[in-house]
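# Understanding the architecture of this molecule
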Amino acid sequence: MELVSKGKHTAHGLNFYLSYFDDVAKVLERDELCFIVGGWVRDRILGEPIGYNVDVDFLVTCDPVRVAKDFANRIGGHFFVFEKRGFLIKRPVIATVVLNIPPYRYRFDFSELKGKDIEKALEEDLRDRDFTANAMAVSLDDVLSIGAKQTIIYDPTGGIKDLEEGILRPVSLENLKKDPVRILRGFRIAVEKDLRLTEDFYEFVEKNRELILKAAPERITHELFRIMKHPRGSKVMRKIYEVGLLEVIMPEVKRLKEIKDQGEHHIYPLDEHTFRTLEEVEKVIEEKEKYLSKELLEKFGKFEVLGEFSDVELLKWSAFFHDIGKPETFELKEGKVTFIGHDRVGEEKVKEIGKRLRWGDKATEFVAKLVRHHLRPFYLRESMRKGELKRKGKAKFWRECGDIAPWLFLLSIADAYASGDSKEEINDLLKTIEELERFRKEEMDQRDFKVLLSGYEIMEILGIKPGRMVGEIKRRLEEAQMEGKVKTKEEATEFVKEIYKEIGGGKDEGTDAP
């Protein structure tokens, strides 16, 4: 890499090339300029390989919405526009194109570069960015030129020098104030790229933690999910917890520090156990095939939320929140520490956090259900060790947790490791999971499972009207089928008649009496 003049360097253009850049060039008019900026330039300078998730930011000297729309049509991508609100926002309109070609996922963001003096406007834009490592640009024309041996890198803030020294430096602290989400981004990038944040950054965060609350909840959530998406996201989460930033975003987290002694089943204080569970779930995710069968993992990683994230991030959130209900349920009973009901309290807290941070119902309910049932595999393990794990218990598990079972199993394995379970206890947990899967496969394949009587048939047999009683009877019939007590339609008919008598037959069924 060669220094041309102050704020500029040269490098071979092929370092920055991506085949889709040819398509971008083809939707631009001859007099319209385009610059590639930010993380794409940074990562190519660092020599990082192009992974499965490709993000590229562009600045164009024309309407970014038109360019993005034409580009999306050309490559078959999905197009949308995002508007940032705020007086100090430099690039208020971002036009985005997303393209999924599994396992690859591409995201291209287009913003407008305004100004008569383009080079001056570009420098001003770069100086307004978050970190020097992200404040570099190359011209699309240079990158696509034949040979492209002298592609100029615009670097007005010294990003290349900082990268060479392994430093992640804010362009200015004022820029962090303008857009506080950049604080979270700094912690994430430092871990992702193995860079050192500067002392002035840490001092700024310590004095300005509350600034993060000025950012829109959706943007905070997006950055937090990007943190969780990284294989070492736990390291970032631990850091933002240590500097007191996480408790500003999620006040519920502050109380984790209160529980120093978790009783006989744990060897760490609650906050340390929480982060160890997150670390362990990252390891378990990497080695998931070691723990679960191909059939159980069939849907893993394929559940999309918030546009660009998946159930993998949701599993990590469930690991982080699995014991969030413990501070409120802590009690000493006969000298023993208890947290009775912490799973239910945790479920409600997750719902509150999800609502506040705009996770959406799909993501919130998924994490809440995992937190609600995170103890189930351990209860079943104890039953199995005592020889008390019967058909009814196994059937009940699949009925109530079948939709989250693979994620729940992985969470329980991580929780066990983080709790300091012995090798024997871990093996017993894995045997319990194997037995549950064997039961589902051999005795109650859910894909073929169907309740023998419909709600309408139950109403006809019993001569009752629609109401909650019909649902309750049908639920009990389903449970009886799973337990093997009812196998034929004739048996089902007799069963619903008996249950009807048991739970209130003879009342006015037009009411919703349970």
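Description of the structure in this document. Worth saying up front: this structure is predicted, and the values here are computed from it rather than measured.

## Brief notes about the environment of Lys239
Inspection of the secondary structure assignment puts Lys239 in helix H11 (residues 233–242). Owing to a relative accessible area of 32%, Lys239 belongs among the partly exposed residues under this scheme. Spatially, the C-alpha atoms of Lys239 and Arg188 are 9.5 Å apart, while their sequence positions differ by 51 residues. Residues in contact with Lys239, not counting those within four places in the same chain, are Phe187 and Tyr202.

## What to know about unusual backbone geometry
Going from Pro102 to Pro103, the amide bond is cis rather than trans, its omega being 5 degrees. With respect to the secondary-structure elements, Pro103 resides in the loop between strand E6 (93–101) and strand E7 (104–112). Phi is positive for Leu306, close to 50 degrees, though the residue is something other than glycine. Note that Leu306 resides in the loop between strand E12 (304–305) and strand E13 (309–310).

## Observations concerning the packing of helix H24 (residues 468–482) against helix H25 (residues 489–502)
At a minimum axis separation of 10 Å, H24 and H25 run at an interaxial angle of 130 degrees. In terms of orientation, H24 lies oblique with respect to H25. Along this stretch, H24 crosses H25, giving a crossing that reads as right-handed. Across the interface between the two elements, Met469, Ile473, Arg476, Leu477 and Ala480 from H24 touch Ala492, Phe495, Val496, Ile499, Tyr500 and Glu502 from H25. Classifying every residue of the contact of H24 with H25 gives nine nonpolar, no polar and two charged.

## Examining the pattern of salt bridges
Enumeration according to the criterion identifies 55 salt bridges in this entry. In this structure, Lys193 and Glu48 form a salt bridge, with 3.0 Å as the shortest nitrogen-oxygen distance. Here Lys193, found in the loop between helix H8 (181–192) and strand E11 (196–197), pairs with Glu48, found in the loop between helix H2 (39–45) and strand E4 (53–60); they are 145 residues apart in sequence, far enough to count as distant. Classification of Lys193 as buried rests on a relative accessible area of 14%. Judged by its relative accessible area of 26%, Glu48 falls in the partly exposed class. Of the charged contacts in the structure, one is a salt bridge between Asp179 and Arg219, with a shortest N-O distance of 2.8 Å.

## Some points on the environment of Ala416
Summarising the element assignment, Ala416 is placed in helix H21 (residues 405–418). Using a relative accessible area of 1% as the deciding quantity, one classes Ala416 as buried. It is 58 Å that separates the C-alpha atoms of Ala416 and Ile118, two residues lying 298 residues apart in sequence. Among residues more than four places away in sequence, those in contact with Ala416 are Phe378, Asp421, Ile426 and Leu429.

## So, the packing of aromatic side chains
Inspection of every chain in the model, using the stated rule, returns 34 aromatic pairs. Arranged with centres 5.0 Å apart and planes meeting at 50 degrees, the rings of Tyr241 and Phe275 form a pair that is tilted. Here Tyr241, found in helix H11, pairs with Phe275, found in helix H13 (residues 270–286); they are 34 residues apart in sequence, far enough to count as distant. Taking the relative accessible area as the measure of exposure, Tyr241 reaches 7% and is therefore buried. With 5.9 Å between their ring centres and 50 degrees between their planes, Phe330 and Phe339 make a pair best called tilted. What makes Phe339 buried here is its relative accessible area of 10%. Through successive ring pairs, a cluster of aromatic residues spans Tyr20, Phe21, Trp40, Tyr52, Phe58, Phe71, Tyr104, Tyr106, Phe108 and Phe110. Across the ring face of Trp40, the terminal group of Arg44 is positioned such that the distance to the ring centre comes to 4.3 Å. Of note, Arg440 hangs over the ring of Trp398, and the distance from its end group to the ring centre comes to 5.3 Å.

## Here's the deal with helix H4 (residues 118–127)
Residues Ala121, Leu122, Asp125 and Leu126 constitute the buried set of H4. All buried residues of H4 project into a common sector of 135 degrees when viewed along the axis, lining one side. For H4, the secondary structure elements touched by its buried residues are strand E3 (34–37), E4, strand E8 (137–139) and strand E9 (151–154). For H4, the side-chain oxygen to backbone nitrogen distance between the N-cap and Glu119 is 3.3 Å, and the N-cap itself is Asp117.

## Things to note about the environment of Ser318
On the secondary structure map, Ser318 appears in helix H15 (residues 311–321). Judged by its relative accessible area of 0%, Ser318 is buried. In this structure Ser318 touches Val367, Leu370, Val371 and Leu411, once residues within four positions along its chain are discounted. At 2.6 Å, the side chain of Ser318 and the backbone oxygen of Leu315 are in polar contact.

## Some points on H15
Most of H15 is tucked away: 11 of the 11 residues are buried. Residues of H15 that are buried include every one of Asp311, Val312, Glu313, Leu314, Leu315, Lys316, Trp317, Ser318, Ala319, Phe320 and Phe321, and no others.

So, how was this worked out
- Residues numbered from 1 in each chain as written.
- Predicted model: local features only at pLDDT ≥ 70, side-chain atom pairs only at ≥ 80, totals over all residues.
- Heavy atoms only, no water.
- Helix = DSSP H or I, 4+ residues; strand = E, 2+ residues; numbered from the N terminus.
- Buried < 20%, exposed > 50% of the residue type's maximum accessible area, 1.4 Å probe, protein only.
- Contact = heavy atoms within 4.5 Å.
- Axes fitted to C-alpha atoms, helices over the stretch in contact; angles between N-to-C directions.
- Parallel < 35°, antiparallel > 145°, perpendicular 65-115°, else oblique.
- Left-handed = near helix turned anticlockwise from the far one by under 90°.
- Nonpolar A, V, L, I, M, F, W, Y, C, P; charged D, E, K, R; others polar.
- Salt bridge = Lys/Arg side-chain N within 4 Å of Asp/Glu carboxyl O.
- Phe/Tyr/Trp six-rings, centres within 6.5 Å; stacked < 30°, edge-to-face > 60°.
- Lys NZ or Arg CZ within 6 Å of the ring centre and 35° of its normal.
- Arc of directions from axis to C-beta.
- Polar contact = N/O pair within 3.5 Å; in protein donor to acceptor, adjacent residues only side chain to side chain.

None of the figures reported here should be taken as evidence of function without further support.
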